[in-house]
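Examining the three-dimensional arrangement
Spelled out, the chains give:
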Amino acid sequence: MTQSFGSIVVDGTRRELTAVELKQKILELLQYPQELLTKKSLIYRYTVYTPQDEMKSILLGDDAGRVDTLRKVFGIDKYKRIGDNAEQFLKQVRSTVKNLREAVSVMEERKQELNNMRKQQTQLGDDIGAAAGKLTEVQKKLQGMKQQIMIVEKELALHQEQQKELKVIETALEHYRRDEQNSRREIPLLEGEVNELEKNTKGKEIKNDEENIRNLEEKAKKAEERIKISRLKMQECIVKMQASEKNIMDIEKLDKCPLCKQSVSLKHKQDVKKSEEEKINENKRLMNELENEEKMLTKPAEQLKLEIETGRKRMHERGLLTLQMKLIEEKRGKIKDLTDGLASTTKQIEEHEKKQRQLMTALKSLQGREKELADFRENFEEMQDSERHFLMEKVSLEKEKSVLERDMRKITDEIERLEKQEMQMNELSRLHDWIDSCFVKTMEVLERRVMLKVHHDFDSLFQKWFGMLVESELMKVRLDDAFSPVIEQNGYETDYSFLSGGEKTAAALAYRLALNQVINNIVGVIKTRDLLILDEP
């Protein structure tokens, strides 16, 4: 079964709400915790509810069940939960401490190993220092030998450069001497060519007719265009005459009109023929005029072409003359350049011959240095072998030291980790001792004290309410340590089952009213302190 909607009336106002909304509204009115809306909680921690006709059963239950229920009702069960949780926590702490103790048991061994490594590190440092000293001594000797070799190599490099320079000078001398011979042979030849060209061009001068030729070409172009237009018009007249002759032939053969299907009369044929013959005559006349015009234009056009051709020949002759004059100037310039170059070449020959003599003298002074350089290099290579030996020894020791220091760092890190674990183990041990010896016992003391306070209040209220409901000085009630009601009649304890029906109901109701009042005293924020609902008690 489900409930979808319901209603509630507050201050005369009725509101339709869902089941969840109704529950929320009631919790707000009673000021119950809002978590009761969505969480499953024991609502009787705030208000006592007893099903119909079962109020007496609370007095007939077993002691353990009653005490456990009352622990939950009064919220005292949290002390037991705290104790249980503490016991579980202590169990985990003991397991963690055991694991940590096993882990840190190797710490002393690691510390001893680290001390041995430090001694080894010191010894390796001394060995590296000794190897470095020997290496430095060898490197100093190598540096001195290297400087001697560099001096000789520079002298030999200078020797090689001088040899190269000597070869360059000899090559240059050969080149200059060849140029000198060529210049002395070429200058007379050029002078003869210049004299011959001057004879051929002497007294010759041709006018520049380029402008006149352009004008003649323009006139010839216009004449050609007029002739072309006349010929096009003549061709057009021929086409028109052929069309008229075709029309005359077609009309003579035509008996019926192809459009209207009527007979073509002789008069119509004669009219058409006459009209077409007139067109033919007119085109013939026009052709005669065009032919005459073409003849008149053709002769001047041919004359213009002849004049243009003559002018172009003169311009060609003028170009040849100009080319010859230019050639004369070029050859004269070349003669001048060769003459100047010949003087410069002669001077260069003298300077290079002087430099050649100086280099040959310098090269004689450097003979025998190559043997000296070979001896230096042989000693240098032997010293390099010694350097490599000491260097390898130093590198090997440094590598061994580096590996050792890496292992030392690992062990140092492990020792630091173990020390932290030892501190953690000690902290957990102290925490375990405190919880075991102080905290758990404190919770037990608190639980007993709270239960004693609740039992005292509950017992007082139970006696009060029972006294109000049963007005008899011979019958008294109280609660034992298990919150079970103890009934005394005439100074003797009697069992609940021997009471009359009214006395049983009064005892159950007094127990229920006392329980309700104790809960209201403990939880002071709820608004049910003055509210009591009894369903056929």
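All of these numbers come straight from a predicted model, not from anything done at the bench.

1. Focus on a nonpolar patch on the surface
A surface patch of nonpolar side chains, about 280 Å² in accessible area, is lined by F89, L431 and W434. The topology assignment puts F89 in helix α4 (residues 77-104).

2. As for the sheet that holds strand β4 (residues 485-489)
Taken in spatial order, the 3 strands of this open sheet run β3-β4-β5, and their pairing is antiparallel. A strand with exactly one partner marks an edge of an open sheet, and here the two such strands are β3 (475-479) and β5 (492-494). Direction aside, the axes of adjacent strands within the sheet are offset by 35° on average. Looking at chain direction, β4 and β5 are connected through 3 bridges and run antiparallel. Note on β5: the bridge partner recorded for I487 is T494.

3. Notes on the side chain of S244
Its location among the elements puts S244 in helix α6 (residues 210-253). Classification of S244 as buried rests on a relative accessible area of 4%. Setting aside its immediate chain neighbours within four residues, S244 contacts E276, K279 and I280.

4. Here we look at the confidence of the model for the protein
Residues shown with low pLDDT carry predicted positions that ought not to be read at fine detail. When pLDDT is averaged across the protein, the result is 76; 79% of the residues are at 70 or more. Of all helices and strands in the protein, the one with the weakest mean pLDDT is helix α2 (residues 57-60) (64), whereas β3 scores best (87).

5. Some words on α4
Relative to the 40 Å expected for 28 residues at 1.5 Å per residue, α4 spans 40 Å between its end C-alpha atoms, a close match to the ideal helical length. Turning to α4, its buried residues number three or more, namely D77, Y79, G83, A86, L90, V93, V97, L100 and V104.

6. A short note on the packing of aromatic side chains
This model, assessed by the stated rule, comprises 4 aromatic pairs. An angle of 45° between the planes, with centres 6.5 Å apart, marks the rings of F462 and F466 as tilted. Of this pair, F462 and F466 both sit in helix α8 (residues 369-469), separated by 4 residues, roughly a single helical turn. The exposure class assigned to F466 is buried, which follows from its relative accessible area of 1%. An aromatic cluster is defined as three or more aromatic residues linked by ring pairs; in this entry it consists of F458, F462, F466 and Y511. Just above the ring of W465 sits the side chain of K464; from NZ or CZ to the centre is 5.8 Å.

7. A word on the side chain of E276
Among the secondary structure elements, E276 is positioned in helix α7 (residues 266-364). For E276, a relative accessible area of 8% puts it in the buried group. Beyond its immediate sequence surroundings of up to four residues, E276 is in contact with S244, N247 and I248.

8. Section: a negative patch on the surface
On the surface, D126, D127, E393 and E400 cluster together into a negatively charged patch. Residue placement: E393 occurs in helix α8. Here E393 falls in the partly exposed class, since its relative accessible area comes to 33%.

9. A word on unusual backbone geometry
Even without being glycine, D11 reaches a positive phi, approximately 55°. Positionally, D11 belongs in the loop between β1 (5-10) and β2 (13-18).

10. Thoughts on the nonpolar core
Grouped together as the largest cluster of nonpolar side chains are 28 residues, with contacts concentrated most on L70, F74, F458, F462, F466, F483 and Y511. Looking at this core, the elements with two or more residues in it are α8, β3 and α9 (501-522). Looking at which element gives the most residues to this core, the answer is α9, with 9 residues. When near neighbours in sequence (up to four residues on either side) are disregarded, F462 contacts V477, R478, L479, P485, A507, A510, Y511 and A514. L124, L404, M408 and I411 belong to the second-largest nonpolar core, a separate cluster that totals 10 residues.

11. A word on the environment of R430
Structurally, the position occupied by R430 is in helix α8. Relative accessible area serves as the criterion here: at 48%, R430 is assigned to the partly exposed category. Here the side chain of R430 touches E427 through a polar contact of 2.4 Å, side chain to side chain.

12. Regarding the pairing of β3
Along a regular strand, successive side chains alternate from one face of the sheet to the other. The alternating pattern of β3 places M475, V477 and L479 on a buried face and K476 and R478 on a face that is not buried. Pairing geometry for β3 and β4, over 5 bridges, is antiparallel. Each bridged residue has a counterpart across the sheet, and for L479 the counterpart in β4 is P485.

13. A few points about the pattern of salt bridges
Two side chains with opposite charge may pair up if their charged atoms get near one another. If you walk through the whole model with that rule in mind, you get 16 salt bridges. E236 is the salt-bridge partner of K240, the closest N and O atoms lying 3.5 Å from each other. Residue K240 and its partner E236 are located together in helix α6, separated by 4 residues, close to a single helical turn. A salt bridge links K453 to D457; the nearest nitrogen and oxygen atoms lie 2.5 Å apart. Taken together, the positions of K453 and D457, both in helix α8 and 4 residues apart, correspond to about one turn of that helix.

How each quantity is defined
- Residues numbered from 1 in each chain as written.
- Predicted model: local features only at pLDDT ≥ 70, side-chain atom pairs only at ≥ 80, totals over all residues.
- Heavy atoms only, no water.
- Patch = residues over 30% accessible without salt bridge, like charges linked within 9 Å, V, L, I, M, F, W, Y side chains within 5 Å.
- Areas by Shrake-Rupley, 256 points an atom, 1.4 Å probe, with all protein chains shown as cover.
- Salt bridge = Lys/Arg side-chain N within 4 Å of Asp/Glu carboxyl O.
- Helix = DSSP H or I, 4+ residues; strand = E, 2+ residues; numbered from the N terminus.
- Pairing = 2+ DSSP bridges.
- Axes fitted to C-alpha atoms, helices over the stretch in contact; angles between N-to-C directions.
- Buried < 20%, exposed > 50% of the residue type's maximum accessible area, 1.4 Å probe, protein only.
- Contact = heavy atoms within 4.5 Å.
- pLDDT = per-residue confidence, 0-100.
- Expected span 1.5 Å × (residues − 1).
- Phe/Tyr/Trp six-rings, centres within 6.5 Å; stacked < 30°, edge-to-face > 60°.
- Lys NZ or Arg CZ within 6 Å of the ring centre and 35° of its normal.
- Lys, Arg positive; Asp, Glu negative; His and termini not counted.
- Charge placed at Lys NZ, Arg CZ, Asp CG, Glu CD.
- Core = buried A, V, L, I, M, F, W, Y, C linked by side-chain atoms within 4.5 Å.
- Polar contact = N/O pair within 3.5 Å; in protein donor to acceptor, adjacent residues only side chain to side chain.

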